[in-house]
Amino acid sequence: MSTTHTIDCVVDTKPMAESIETVSAHVKTTTAAVVTFQSAVVLAEKEGADHVCKNVNLGFFSLMHSQISQKIAAHQSRVDSLLMELVAQKKRLVAVKTAMEHNYEMIVARYMRIITGLNKALKQRVMELDRPIFNFATRDVACNFGRNQHLSAIVPICQAENITASQQIAMSNMKYNSTKVIESTKDFLRQMNEQKIISEKILLRSIKSSEGVEHLPVAIIESQIDNRGNTAYEAFVPENTTSQNVKEINSRIYEMASDLNWVDSGTNDIVRQEFSKLVAASETSERVREMTSALFENSQMQTL
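Note that the structure is a prediction, hence the values are computed from the model and not measured.

1. Side note on the overall build of the chain
Here comes step 1: Within the chain, the secondary structure is distributed over seven helices and four strands.
Here comes step 2: The secondary structure elements of the chain, listed N-terminal to C-terminal, are α-α-α-α-β-β-α-β-α-α-β.
Here comes step 3: Within the chain, buried positions represent 6% of all 304 residues.
Here comes step 4: Pairs at least 24 apart in sequence give 48% of the contacts found in the chain among residues at least 6 apart.
Here comes step 5: As displayed, the chain has an accessible area near 27,300 Å², and 60% of this comes from carbon and sulfur atoms.

2. Looking at the pairing of strand β1 (residues 219-224)
Here comes step 1: Summarising the sheet, β1 and strand β2 (residues 231-236) pair through six bridges and their orientation is antiparallel. Across the sheet, residue Ile-220 finds its bridge partner in β2, namely Ala-235.
Here comes step 2: The turn linking β1 back onto β2 is made up of six residues, and Gly-229 within it adopts a positive phi angle of 90 degrees.

3. Some details on the packing of aromatic side chains
Here comes step 1: By the definition in use, this model includes one aromatic pair.
Here comes step 2: On the numbers, 4.1 Å between centres and 15 degrees between planes, the contact of Phe-275 with Phe-296 is stacked. Residue Phe-275 is found in helix α6 (residues 269-281), and its partner Phe-296 is found in helix α7 (residues 286-298); the two are separated by 21 residues along the sequence.
Here comes step 3: Judged by its relative accessible area of 24%, Phe-275 is partly exposed.
Here comes step 4: Owing to a relative accessible area of 12%, Phe-296 belongs among the buried residues under this scheme.

4. Examining the nonpolar core
Here comes step 1: Counting seven residues, the largest nonpolar core is built from Tyr-233, Ala-235, Ile-249, Ile-253, Ala-257, Leu-260 and Trp-262.
Here comes step 2: Those elements giving two or more residues to this core turn out to be β2 and α5 (243-255).

5. A look at the packing of α6 against α7
In a packed pair of helices, the relevant descriptors are the angle between the two axes and the axis-to-axis distance.
Here comes step 1: Running from N to C, α6 and α7 point in directions that differ by 165 degrees, and their axes come no closer than 10 Å. By the criterion of interaxial angle, the relationship of α6 to α7 is roughly antiparallel. Note that α6 runs across α7; the crossing there is right-handed. Along its contact with α6, which presents Arg-272, Phe-275 and Val-279, the element α7 presents Arg-289, Thr-292, Ser-293, Phe-296 and Glu-297.
Here comes step 2: Taken together, the residues that form the contact of α6 with α7 break down as three nonpolar, two polar and three charged.

6. Side note on α6
Here comes step 1: With 13 residues, α6 ought to run about 18 Å at 1.5 Å a step, and its terminal C-alpha atoms sit 18 Å apart, in line with that.
Here comes step 2: Here α6 lies mainly on the outside; one of its 13 residues are buried.

7. Some points on the pattern of salt bridges
Here comes step 1: Enumeration according to the criterion identifies five salt bridges in this entry.
Here comes step 2: The residue Asp-50 makes a salt bridge to Lys-46 at a minimum N-O spacing of 3.1 Å. Taken together, the residues Asp-50 and Lys-46, both in helix α1 (residues 14-129) and four residues apart, mark about one turn of the helix.
Here comes step 3: For Arg-272, the salt bridge is made with Glu-297, and the minimal N-O distance between the two is 3.0 Å. Taken together, the positions of Arg-272 in helix α6 and Glu-297 in helix α7 put the pair 25 residues apart, joining distant regions of the chain.
Here comes step 4: For Arg-272, a relative accessible area of 27% gives the class partly exposed.
Here comes step 5: Through salt bridges that share partners, Asp-187, Arg-190 and Glu-194 make up one connected network.

8. Considerations on the side chain of Gln-124
Here comes step 1: One can find Gln-124 in helix α1.
Here comes step 2: Of the residues examined, Gln-124 reaches a relative accessible area of 5% and is grouped as buried.
Here comes step 3: Excluding residues that lie within four positions of it along the chain, Gln-124 makes contacts with Arg-131, Glu-283 and Thr-284.

9. Thoughts on a nonpolar patch on the surface
Here comes step 1: Together, Ile-107, Tyr-111, Ile-114, Ile-115, Leu-118 and Leu-122 make up a nonpolar patch on the protein surface, roughly 540 Å² of accessible area in all.
Here comes step 2: For Tyr-111, the location among the structural elements is in helix α1.
Here comes step 3: Given the relative accessible area of 46%, Tyr-111 is considered partly exposed.

Thresholds applied
- Residues numbered from 1 in each chain as written.
- Predicted model: local features only at pLDDT ≥ 70, side-chain atom pairs only at ≥ 80, totals over all residues.
- Heavy atoms only, no water.
- Helix = DSSP H or I, 4+ residues; strand = E, 2+ residues; numbered from the N terminus.
- Buried < 20%, exposed > 50% of the residue type's maximum accessible area, 1.4 Å probe, protein only.
- Contact = heavy atoms within 4.5 Å.
- Areas by Shrake-Rupley, 256 points an atom, 1.4 Å probe, with all protein chains shown as cover.
- Pairing = 2+ DSSP bridges.
- Phe/Tyr/Trp six-rings, centres within 6.5 Å; stacked < 30°, edge-to-face > 60°.
- Core = buried A, V, L, I, M, F, W, Y, C linked by side-chain atoms within 4.5 Å.
- Axes fitted to C-alpha atoms, helices over the stretch in contact; angles between N-to-C directions.
- Parallel < 35°, antiparallel > 145°, perpendicular 65-115°, else oblique.
- Left-handed = near helix turned anticlockwise from the far one by under 90°.
- Nonpolar A, V, L, I, M, F, W, Y, C, P; charged D, E, K, R; others polar.
- Expected span 1.5 Å × (residues − 1).
- Salt bridge = Lys/Arg side-chain N within 4 Å of Asp/Glu carboxyl O.
- Patch = residues over 30% accessible without salt bridge, like charges linked within 9 Å, V, L, I, M, F, W, Y side chains within 5 Å.

As structure tokens, then:
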């Protein structure tokens with residue numbers, strides 16, 4: 001059977017306490033070092049994370065910037081090429097527009113000259129169909145209508161000392177118009193007397209019963225009217241020839257047409273001068289006058 005013995009002893013804990021106190025100081029130092037290390041590690045991790053994030057952001061930004069720059073450069077290049085093409089097309093269109101405007105102005109001017117010439121020629125030909133009527137409508141009627149205005153009385157509106165001068169001017173105008181009327185009447189009577197004298201010389205006092213031969217000057221023109229060689233004859237006789245004589249002359253010409261002997265004689269200088277005067281005095285267009293002169297110069301005249 002065991003027996004428990006109790007031994008009392010006294011142990012000095014001072015060294016141990018001192019050692020533990022030293023250890024505690026070291027533990028505190030270690031704890032402080034660990035805390036410092038942990039803070040340094042956290043700071044390093046934070047700096048590392050910030051560095052990594054910064055580099056990643058910089059790299060992503062650089063990548064995006066590079067891609068966007070490449071796309072901008074590509075689109076800018078396309079825009080520049082399209083802009084240059086548009087500018088070139090604009091220049092071509094402006095050149096085409098300018099050429100079209102120039103051609104249009106040339107065509108308009110040419111056709112205006114042609115149409116104006118045709119209008120003048122047609123107007124002249126229509127007026128030549130009945131020249132006396134047009135002269136009466138454009139010249140005589142206008143003078144007749146303006147007669148009241150030209151010969152109307154003048155109302156003097158002036159001061160009393162100028163009334164005499166105004167009346168003298170009006171009287172002078174009336175005398176001038178009266179003088180013109182008297183001269184016109186005198187010329188008319190003189191022409192009537194001259195016509196009467198000429199008629200007295202021409203007319204026969206009595207009709208002669210004996211037959212005789214009368215000689216009349218006749219101008220005969222033979223012209224080719226188509227490409228098959230068909231010809232037409234026309235006779236010109238004095239104005240005082242009777243219609244019966246004209247019919248007989250035309251009938252005789254057609255009877256002897258096959259026997260007419262035409263020979264080349266050239267254009268007579270007198271005929272050429274008279275023809276040139278007629279062309280110069282004509283009121284037709286310049287083109288018609290030039291064509292008429294060219295046809296006359298290129299024609300071959302023959303006489304009997």
